Amino acid sequence: MANDSLRRLASDFKTFLAAQDEDEFVSAAAPLRAAAAVSGGEPAPKPLPKMPEGETLTVEFPRADLPVAEKPSPTVLAPSAAPMAGQACSAAPAGNTPQPAPSTANELLMNTAQKTAALAELAETIKTCTRCPLGATRLNAVPGEGNVDAEVMFVGEGPGFDEDRQGRPFVGRAGQLLDKMIVAMGLTREQVFIANIAKCHPMTDPLHPEKHGNDRAPNAEEIACCRKYIEKQISIICPKYVVALGGVAAKALIADAKSLGALRGQFYDLHLDSVTLPRPVKILATFHPAALLRNPGWKKDAWTDLQMVMDQLGLQGARK
Ligand code: URA
């Protein structure tokens, strides 16, 4: 059994690396990089995605070739802070409390020690949280982990079986693929921060937490109850980029009404309901690693997304 798992992991790893190193991943980015070389400057603009039919939310898609500071600011799609009717939160979610007038970013940004302390305090709160029913069925809450000064933060949907047992995010199969994606970007897990929208394991059958295949996405009520935690974490860390992994995280942090397909591949200015960010943070949505495990053909597009972040940060990616 253990051998089978190891074999499967090794084969996933090989496939993932092959896809990056050869045809799929690198060639997907090649035209962009070639254009940059010819012009001696930024990569050529990518064709902008079309707005979906009947779209009511206003989004401007910034040109991906401009440096972040020069990008036009898209209209922000702040998700609703309002809890759903009948939601199970036992305490009021953090509302739109008026924030003090912003002073300079440097004054508002915490230093490393302050971030560490604030995140540790928040993690303690999360570990005893019973705002929604997931608090009663979890084995361990999973606040998140990583570098408090990370430039890139990855946000998934919620803990699964393995994460519930270990109290750590992305430690199962999807986590192993996420680790490879991070390394492919030229980063390490220790350099980034990894967290989830929901902090406790959503189960289809909460009466049998020992069962495998018992994972589900957090529902709207659970997300509403948990939202203030991820928002606080992002505001404390204040990374340059948040990468939303999958539709649940993307819709929760960017826009409720769009599909992942419509959201991915573009940067958005991140605006949160319960906190004011000390400095602008960009968010990019891409596929969840679990979805990539099920649909390896999507890795090429995921890699193209991740390269957008790499380009902005000047990351060369893992060397062969
Ligand atoms: N899937 C997620 O969204 N988060 C985890 O931590 C693990 C799997």
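Look up a bit, the structure's there.
Just so we're clear, the structure is a prediction, and the values are computed from it rather than from any experiment.

Basis of the calculations
- Residues numbered from 1 in each chain as written.
- Predicted model: local features only at pLDDT ≥ 70, side-chain atom pairs only at ≥ 80, totals over all residues.
- Heavy atoms only, no water.
- Near = heavy atom within 4 Å.
- Polar contact = N/O pair within 3.5 Å; in protein donor to acceptor, adjacent residues only side chain to side chain.
- Areas by Shrake-Rupley, 256 points an atom, 1.4 Å probe, with all protein chains shown as cover.
- Nonpolar A, V, L, I, M, F, W, Y, C, P; charged D, E, K, R; others polar.
- Pairing = 2+ DSSP bridges.
- Helix = DSSP H or I, 4+ residues; strand = E, 2+ residues; numbered from the N terminus.
- Phe/Tyr/Trp six-rings, centres within 6.5 Å; stacked < 30°, edge-to-face > 60°.
- Buried < 20%, exposed > 50% of the residue type's maximum accessible area, 1.4 Å probe, protein only.
- Salt bridge = Lys/Arg side-chain N within 4 Å of Asp/Glu carboxyl O.
- Axes fitted to C-alpha atoms, helices over the stretch in contact; angles between N-to-C directions.
- Parallel < 35°, antiparallel > 145°, perpendicular 65-115°, else oblique.
- Contact = heavy atoms within 4.5 Å.
- Core = buried A, V, L, I, M, F, W, Y, C linked by side-chain atoms within 4.5 Å.
- Expected span 1.5 Å × (residues − 1).
- Bend = angle between axes of the 7 residues up to and from the residue.

The subject of this paragraph is the site of the ligand. Neighbouring the ligand are the residues Gly156, Glu157, Gly158, Glu163, Pro169, Phe170, Asn196 and His288. Glu157 is positioned with one of its backbone polar atoms (N or O) 2.9 Å from an oxygen atom of the ligand. In the environment of the ligand, a nitrogen atom lies 2.8 Å from a nitrogen or oxygen atom belonging to the side chain of Asn196. Here the ligand loses 92% of its free accessible area of 240 Å² to cover by the protein chains. Looking at the shell around the ligand residue by residue, the class counts come to two nonpolar, four polar and two charged.

This part covers the sheet that holds strand E1 (residues 145-146). Reading across the sheet, the six strands line up as E1-E3-E2-E4-E6-E5 and stay open at both edges, with mixed pairing between neighbours. Each edge of the sheet is formed by a strand with only one pairing partner; in this case those strands are E1 and strand E5 (267-269). One ladder, built from four bridges, connects strand E2 (residues 152-156) with strand E3 (residues 193-196); its direction is parallel. Bridge pairing links Met153 to Phe193 in E3.

On to the packing of aromatic side chains, then. Within the structure shown, the criterion is met by two aromatic pairs. Between the aromatic rings of Tyr241 and Phe267, the centroid separation amounts to 5.3 Å while the plane-to-plane angle is 50°, which identifies the pairing as tilted. Here Phe267 lies in strand E5 and Tyr241 lies in strand E4 (residues 241-245), a separation of 26 residues in the sequence. Per residue, the accessibility class of Tyr241 equals that of Phe267, and both read buried.

Attention now moves to the pattern of salt bridges. If you walk through the whole model with that rule in mind, you get twelve salt bridges. One salt bridge in this structure joins Glu124 and Lys127, with 3.3 Å as the shortest N-O distance. In this pair, Glu124 and Lys127 are both assigned in helix H4 (residues 112-127), three residues apart and thus about one turn of the helix distant. Here Arg216 makes a salt bridge to Glu222, at a shortest N to O gap of 2.8 Å. Where salt bridges share partners, they join Glu145, Arg168, Asp179 and Arg189 into one cluster.

Before going further, it helps to spend a moment on the packing of H4 against helix H8 (residues 220-237). Packing of H4 against H8 leaves a shortest axis separation of 10 Å and a crossing angle of 170°. As summarised for this structure, H4 and H8 are arranged roughly antiparallel, according to the angle between their axes. Between H4 and H8, the contacting residues are Lys115, Ala118, Leu119, Leu122, Thr125 and Ile126 on the first element and Tyr229, Lys232, Gln233, Ile236 and Ile237 on the second. Across the contact of H4 with H8, the residue classes tally to seven nonpolar, two polar and two charged.

The next subject is the nonpolar core. Within soluble globular proteins, side chains that are nonpolar generally end up buried alongside one another. Core analysis: the largest hydrophobic core is formed by 72 residues, its most contacted members being Met153, Phe154, Ile234, Val242, Leu253, Leu270 and Val309. Ranked by residue count, the leading element in this core is H8, at eight residues.

Let us now look at H8. The periodicity of an α-helix, 3.6 residues per turn, causes residues three or four places apart in sequence to face the same way. In this model H8 runs 25 Å from its N-terminal to its C-terminal C-alpha over 18 residues, within 8% of the 26 Å that 1.5 Å per residue would give. Its axis deflected by about 45° at Cys226, H8 carries its strongest bend there. For H8, the buried fraction is high: 14 of the 18 residues fall into the buried class. Positive phi appears at Cys238, one or two residues downstream of H8, with a value of about 50°.

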